[in-house]
Amino acid sequence: MQRFLALALSTLLLVIAAPAAVVAAPDQAPRLSNPARAPILGATLAGTRIVAVGDYGTVILSDDGRTFRQSPVPTRAPLTSVFFLDAKRGWAAGHDGTIIGTDDGGETWRLLREERGKERALLSIWFEDASHGLAVGQFGLALATTDGGVTWQERRLLEGEAGEMHLLHLFRGPARLLLIAAEAGNVLRSEDAGATWQAIATGNKGSFWTGVALADGGLLVAGLRGHVFRSQDQGRSWQKVPSGTQQSLTTAWQAPDGTVRLLGLSGITLTSHDQGQSFTASTRPDRASFTSGVVVPGGEVHFSILGVVERR
């Protein structure tokens, strides 16, 4: 059951109706009649441009946070995560071990790897620089590149049973600290940008789906049933923070003004003005489940499996 729940976010969209689409080539993402309604699982900024990814190889772009257009993508695999190093260079990862890359801010993409039929999902991707990157996912799957994503080598981050846990979200801390929000209340921690790892048990029983490094040096992880944990010693130890909700939390960030935001299922939003030491909760009236969000000039843009759901 734990493993099923840990992957629920990335598979939930597969049971809902797909957005209206125009038939495309078998190896191309379907062309959408309304890109803003595409099921979205991950989003980030490429400079000031919003890049969001989701089902059937969908990639949508926005330069104003209000209107969205679709990019041509050479795969139909669901995409779960997207990362940009700068305004031009980015990568996205997803099911079937798929990784795609772009050098023009997401306008066009090239297929870097895919394992059709092996049912191994990548859930998060991150790059240290233009050469060195890491993608992680289901059952301890970890892939590393040293050539900008042209080739990938499979790695085992931990030995024994710990090496089989789901790895759900990569995020960077201070200096070369790298962390992974993982299954069963674990946080993987690396002080050398991913060369070596250790698993830290937080005492939580549920999986963590997201994490964020804070401006004061603190770290947050959050996930199943509204559990939020905070660290002030670079991830060596973790303390529970009351969240006021039992809804699972899917995405987290800190805005330039210091506001910390956690979004989750059934329309839950948690807001903190004290570096994640306490939160207030609110819920969207329509209870749309959030999957991702980005901070843009003048506000935020939120996404769900129903597409763009809010700009605030």
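Residues numbered from 1 in each chain as written. Predicted model: local features only at pLDDT ≥ 70, side-chain atom pairs only at ≥ 80, totals over all residues. Heavy atoms only, no water.

1. Re the pattern of salt bridges
All chains considered together, the criterion is met by 19 salt bridges. Note that aspartate 63 and arginine 49 form a salt bridge whose closest N and O atoms lie 2.8 Å from each other. One end of the pair, aspartate 63, is in the loop between strand 5 (59–62) and strand 6 (69–70); the other, arginine 49, is in strand 4 (residues 49–54), with 14 residues separating them in the sequence. Under the relative-accessibility criterion, aspartate 63 is labelled partly exposed at 49%. Judged by its relative accessible area of 15%, arginine 49 falls in the buried class. Salt bridges sharing partners connect three or more residues here, namely Arg113, Glu115, Lys118, Arg120 and Glu154. (Salt bridge = Lys/Arg side-chain N within 4 Å of Asp/Glu carboxyl O. Helix = DSSP H or I, 4+ residues; strand = E, 2+ residues; numbered from the N terminus. Buried < 20%, exposed > 50% of the residue type's maximum accessible area, 1.4 Å probe, protein only.)

2. Comments concerning the layout of surface pockets
Each pocket or cavity is described by its volume, and for the largest pocket that value is around 1,000 Å³. Forming the walls of the largest pocket are 40 residues, and the residues nearest its centre are Ala43, Val82, His169, Thr251 and Ala252. The set of elements that each furnish at least two residues to the lining of the largest pocket consists of helix 2 (8–12), strand 3 (40–46), strand 7 (79–84), strand 11 (122–127), strand 15 (167–172), strand 19 (208–213), strand 23 (249–254) and strand 27 (290–296). Partitioning the lining of the largest pocket into residue classes produces 24 nonpolar, 15 polar and 1 charged. Reported here for the second largest pocket is a volume of approximately 160 Å³. Lining the second largest pocket are 14 residues; nearest its centre among them are His132, Gly133, Arg155, Ala193 and Gly194. Those elements that provide at least two residues to the lining of the second largest pocket are strand 12 (133–137) and strand 13 (142–145). Of the residues contributing to the lining of the second largest pocket, the split by class is 5 nonpolar, 5 polar and 4 charged. (1 Å grid on protein atoms, 1.4 Å probe; cavity = no way out; pocket = protein on both sides within 12 Å on 5 of 7 lines; lining within 4 Å. Points joined across faces, edges and corners; volume = space filled by probe spheres on them. Nonpolar A, V, L, I, M, F, W, Y, C, P; charged D, E, K, R; others polar.)

3. A closer look at unusual backbone geometry
The backbone of alanine 193 shows a phi angle near 60°, a positive value even though the residue is not glycine. Topologically, alanine 193 is positioned in the loop between strand 17 (186–190) and strand 18 (198–201). On the accessibility criterion, alanine 193 (13% relative accessible area) is buried. Of note, glutamine 234 is a non-glycine position whose phi angle comes to about 60°, a positive value. Along the chain, glutamine 234 falls in the loop between strand 21 (228–231) and strand 22 (239–241). For glutamine 234, a relative accessible area of 32% puts it in the partly exposed group.

4. Some remarks on the nonpolar core
One finds Ile99, Ile125, Leu188 and Trp197 to be the most contacted residues of the largest nonpolar core, which totals 28 residues. Broken down by secondary-structure element, the contributors of at least two residues to this core are strand 8 (90–94), strand 11, strand 12, strand 13, strand 15 and strand 16 (178–182). With residues up to four places along the chain from it excluded, the contact list for tryptophan 197 reads Leu134, Arg155, Leu157, Leu158, Leu170, Leu178, Leu179, Ile180, Leu188, Arg189 and Ser190. (Core = buried A, V, L, I, M, F, W, Y, C linked by side-chain atoms within 4.5 Å. Contact = heavy atoms within 4.5 Å.)

5. A short note on the sheet that holds strand 3
Each strand in a sheet pairs with another by means of backbone hydrogen bonds, the pair being arranged parallel or else antiparallel. Taken together, 4 strands build an open sheet; the order of strands is 3-4-5-6 and the sheet is antiparallel. Strands with a single pairing partner mark the edges of an open sheet, and in this sheet they are strand 3 and strand 6. The pairing of strand 4 with strand 5 spans 4 bridges and is classified as antiparallel. Paired with alanine 52 across the strands is isoleucine 60, a residue of strand 5. (Pairing = 2+ DSSP bridges.)

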